[in-house]
Amino acid sequence: MPKRVDHAERRSEIAEALVRVAGRRGLHAVGMRDVAAEAGVSLRLVQYYFETKEKLLLYGLQHLAERFGERVAARSRAAGDSPGPRAVIEALLMASLPTDEESRAFHLVYTSYAVLAVTDQALAAQPFIQNPDAAEKALAELLRQAQEAELVQPGVDIQLEAVSLLAMSAGLGVSVLVGQRSPQSAAAVLNHHLDRIFQASGQGSLMQRARE
């Protein structure tokens, strides 16, 4: 009896191969043949699942977003059974920093997607901006929950702080990636700004997790 193929798993394996190759060589230099070799499958199989490089790149972007969500969820669970808004915000921001091999590859490849989306017509036509928009909305909602629970400082502009924290996290991620600063110093900057937003209780946890 022939072995049953899990097509979703096979597509994910190919997407993982894309991320690994792009993490080493840069997304712009990756071809379908490179991904096939990395995944240990034939070029024909990659073409069967994705047809074109553009479709492979788009699926890779979606795969990156899903993996990011999984890392945020894992960090949130590590904060306890009922993590508060700040703990979840910390999980989201820290998951964005390139602190290990997986998160380094995520940050490098995701940034490469942003650059390619400016110049590549096929990627530019895709809803790339939806992912950053979703993160901004999620962060603003967490800050709003904290505000309703009187956990943030008076007069905080929720939307402005959500935009600022995400932009800061992205910039700090690049600085860690190029060796300008360590993950610990990047976490210290984020922690400083979270301390500015939140009330005094419970401060400093992000720095502690960065050292663990």
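Structural data are supplied above this passage.
Heads up: these notes are all about the structure in this document. (Residues numbered from 1 in each chain as written. Predicted model: local features only at pLDDT ≥ 70, side-chain atom pairs only at ≥ 80, totals over all residues. Heavy atoms only, no water.)

### Focus on helix α10 (residues 183-197)
Here α10 contains 15 residues, and its C-alpha end-to-end distance of 21 Å stays within 8% of the 21 Å for a straight helix at 1.5 Å per residue. Here α10 has its buried residues at A186, A187, L190, N191, L194 and I197. Down the axis of α10, the sector holding all buried residues measures 140 degrees, keeping them to one side. (Helix = DSSP H or I, 4+ residues; strand = E, 2+ residues; numbered from the N terminus. Expected span 1.5 Å × (residues − 1). Buried < 20%, exposed > 50% of the residue type's maximum accessible area, 1.4 Å probe, protein only. Arc of directions from axis to C-beta.)

### Description of the layout of surface pockets
Left-over empty space is what a probe sized like a water molecule reveals as it rolls over the atoms. Space inside the second largest pocket adds up to approximately 260 Å³. V19, R20, E101, E102 and A105 are, among the 14 residues lining the second largest pocket, the residues nearest its centre. Sorting the residues of the lining of the second largest pocket by element identifies α1 (7-25), α4 (53-78) and α6 (101-119) as the ones contributing at least two each. Residues that form the lining of the second largest pocket fall into these classes: four nonpolar, two polar and eight charged. (1 Å grid on protein atoms, 1.4 Å probe; cavity = no way out; pocket = protein on both sides within 12 Å on 5 of 7 lines; lining within 4 Å. Points joined across faces, edges and corners; volume = space filled by probe spheres on them. Nonpolar A, V, L, I, M, F, W, Y, C, P; charged D, E, K, R; others polar.)

### Side note on the pattern of salt bridges
With the rule as written, the count across this model stands at 13 salt bridges. For E161, the salt bridge identified is with R196, shortest N-O distance 3.1 Å. With E161 in helix α9 (residues 158-177) and R196 in helix α10, this residue pair connects regions lying 35 residues apart in the sequence. Given the relative accessible area of 11%, E161 is considered buried. Relative accessible area serves as the criterion here: at 41%, R196 is assigned to the partly exposed category. Put simply, E16, R67, E70, R71 and E102 are held in one network by salt bridges that share partners. (Salt bridge = Lys/Arg side-chain N within 4 Å of Asp/Glu carboxyl O.)

### Some remarks on the side chain of S169
Within the element layout of this structure, S169 appears in helix α9. Look at S169 and you get buried, because its relative accessible area is 1%. For S169, the contacting residues outside a window of four places in its chain are L93, S96, L97 and L190. (Contact = heavy atoms within 4.5 Å.)

### Observations regarding the environment of S185
Tracing the sequence through the fold places S185 in helix α10. For S185, a relative accessible area of 25% puts it in the partly exposed group. When the C-alpha atoms of S185 and L172 are compared, they prove to be 9.2 Å apart, with 13 residues separating the residues in sequence.

### Here we look at the nonpolar core
Within soluble globular proteins, side chains that are nonpolar tend to cluster in buried spots. Counting 59 residues, the largest nonpolar core has L18, L27, L56, I89, Y113 and F198 as its most contacted members. If we skip the residues at most four places from it in the chain, L56 touches I14, L18, M32, V35, V46 and F50. (Core = buried A, V, L, I, M, F, W, Y, C linked by side-chain atoms within 4.5 Å.)

### A word on α6
In a regular helix each residue adds 1.5 Å, so 19 residues correspond to 27 Å; α6 covers 28 Å between its end C-alpha atoms and thus fits that length. Taken residue by residue, α6 has S103, A105, F106, H107, V109, Y110, S112, Y113, L116 and A117 as its buried positions. N-capping of α6 is provided by D100, with a side-chain oxygen placed 3.3 Å from the backbone N of E102. (Polar contact = N/O pair within 3.5 Å; in protein donor to acceptor, adjacent residues only side chain to side chain.)

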